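# Structural overview
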Amino acid sequence: MERWPWPSGGAWLLVAARALLQLLRADLRLGRPLLAALALLAALDWLCQRLLPPPAALAVLAAAGWIALSRLARPLRLPVATRAVLITGCDSGFGKETAKKLDAMGFTVLATVLELNSPGALELRACCSPRLRLLQMDLTKPADIRRALEFTRAHTTSTGLWGLVNNAGFNDIVADVELSPVSTFRTCMEVNFFGALELTKGLLPLLRHSKGRIVTVGSPAGDMPYPCLAAYGTSKAAMALLMDSFSCELLPWGIKVSVIQPGCFKTESVRNVSQWEQRKQLLLANLPQELLQAYGEDYVEHSHGQFLHSLSLALPDLSPVVDAITDALLAARPRRRYYPGRGLGLMYFIHYYLPEGLRRRFLQNFFINPCLPRALRPGQDTPQALKPNPNPSPVAAR
């Protein structure tokens, strides 16, 4: 089979010169990802020479090279200058580490904490510059939110407010929906959704004036049904949808909105095993007797043990999340979604493209695989409350 003639040496020099110019403009870091991309492009070039005519081959190589460069290039960053950012939930974890990094970069950081004398607040006072200001705020208290809005306006008169980082979050239960008190759903919604909504709306005039950024720390539990995390996941799902609405509505004002969906990282709440043990005991103590008989105490213990095992695998380095928040604040073209963490790409691929049964099995194996409730085990008597009524009333039978 006759092959199409391949470009001459002079043409290749021109292509190579243009590629080198693009590499220089892309500001790439020399490392394994770049070397792997170059090796794949070389293999693709070899295949194209043998399988495609020159115009199609050049188009394929150009597209592949553009994708590789856009993925590997460091994004253009805006200067920090005198930008001010408000970050919620800085007592620990992502909020505290983000506050420290942004302060070191030269930002004016307004950091909210639950307690001004908490260990995290004291650490921020000790290691950060005088530019960082601490403010006590509880997102479930409207008076605290109003005070935070007044505080922010007062401390950004000269700089303006560039960014809001909705980081504060809450979850105090790991259990099936039927075992979870409705009050836990309300509390999660108050902190993770309604409080953040009220604060964000209150700061929109400042953000519209600066054409700034809104960055919200979400969770993959808001995108897919993690076992035993319904109270937390539903609040995060509501917040992600709200941010998508803001992203569309605020685009004409120049405000860019990003959501960070981190994997499992070893924050202070994750490391506090004794606190999760106390919450499990509180759940068992307050379960109605009917539910305790139907599910069994060992069902709760089994789910709790698997949850603690998944936490033991959490990543200790929080920098991928901090870097994602920083990029969302300073990138000239920030992403709408960031997914820092190990294995999230595979998880989302399975969630979006594989059948429902495989998705459920994957989440159970990855996170919590509940055992069979006591009432459904062979040889167990069905609790009276679960037995069908042999003589239903006429009203019930309709």
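For the protein chain, the name recorded in an unreviewed UniProt entry is 11-beta-hydroxysteroid dehydrogenase type 2, with Ictidomys tridecemlineatus as its organism. The record in UniProt for the protein chain states the following under Pathway (unreviewed entry): "Steroid metabolism." Its UniProt record gives the protein chain a comment under Subunit (unreviewed entry), which states: "Interacts with ligand-free cytoplasmic NR3C2."

The next subject is the overall build of the protein chain. Secondary structure summary: the protein chain contains 16 helices and seven strands in total. Taking all 398 residues of the protein chain together, 42% fall into the buried category. Restricting to contacts in the protein chain with at least 6 residues of sequence separation, those with at least 24 account for 75%. Entry remark: accessible area of the protein chain is about 21,900 Å², with carbon and sulfur atoms responsible for 60%.

This next bit is on the pattern of salt bridges. According to the stated counting rule, one finds 15 salt bridges in the structure shown. The salt bridge involving Arg337 is made with Asp244; its shortest N-O contact spans 3.1 Å. Placement of Arg337 in strand β7 (residues 337-338) and of Asp244 in helix α8 (residues 230-249) is noted, with a sequence separation of 93 residues between them. Among the ionic contacts, a cluster of salt bridges with common partners joins Lys96, Glu97, Lys100, Glu123, Glu268 and Arg271.

Positive phi is not limited to glycine here, since Lys211 has a value of about 55°. By the element assignment, Lys211 lies in the loop between α7 (182-210) and β5 (213-217). Not every positive phi belongs to a glycine, and Cys228 is a case in point at roughly 70°. By the element assignment, Cys228 lies in the loop between β5 and α8.

Take Asp172: it is sitting in the loop between β4 (163-166) and α7. A relative accessible area of 24% means that Asp172 is categorised as partly exposed. Contacts of Asp172, omitting those with residues within four sequence positions, involve Thr184, Trp276 and Arg279.

The next subject is the packing of aromatic side chains. All chains considered together, the criterion is met by 10 aromatic pairs. Members of the aromatic cluster, each reached through a chain of ring pairs, are Tyr226, Trp276, Phe307 and Phe367. Here the basic side chain of Arg208 rests over the ring of Trp253, its NZ or CZ set 4.8 Å away from the ring centre.

Attention now moves to the confidence of the model for the protein chain. Per-residue pLDDT for the protein chain has a mean of 87; in total, 85% of the residues score no lower than 70. Confidence over residues 393-398 falls short of pLDDT 50; this stretch has zero contacts with residues more than four positions distant or in other chains.

The rules behind these values
- Residues numbered from 1 in each chain as written.
- Predicted model: local features only at pLDDT ≥ 70, side-chain atom pairs only at ≥ 80, totals over all residues.
- Heavy atoms only, no water.
- UniProt positions renumbered as here; feature names shortened; annotations may be inferred.
- Helix = DSSP H or I, 4+ residues; strand = E, 2+ residues; numbered from the N terminus.
- Buried < 20%, exposed > 50% of the residue type's maximum accessible area, 1.4 Å probe, protein only.
- Contact = heavy atoms within 4.5 Å.
- Areas by Shrake-Rupley, 256 points an atom, 1.4 Å probe, with all protein chains shown as cover.
- Salt bridge = Lys/Arg side-chain N within 4 Å of Asp/Glu carboxyl O.
- Phe/Tyr/Trp six-rings, centres within 6.5 Å; stacked < 30°, edge-to-face > 60°.
- Lys NZ or Arg CZ within 6 Å of the ring centre and 35° of its normal.
- pLDDT = per-residue confidence, 0-100.

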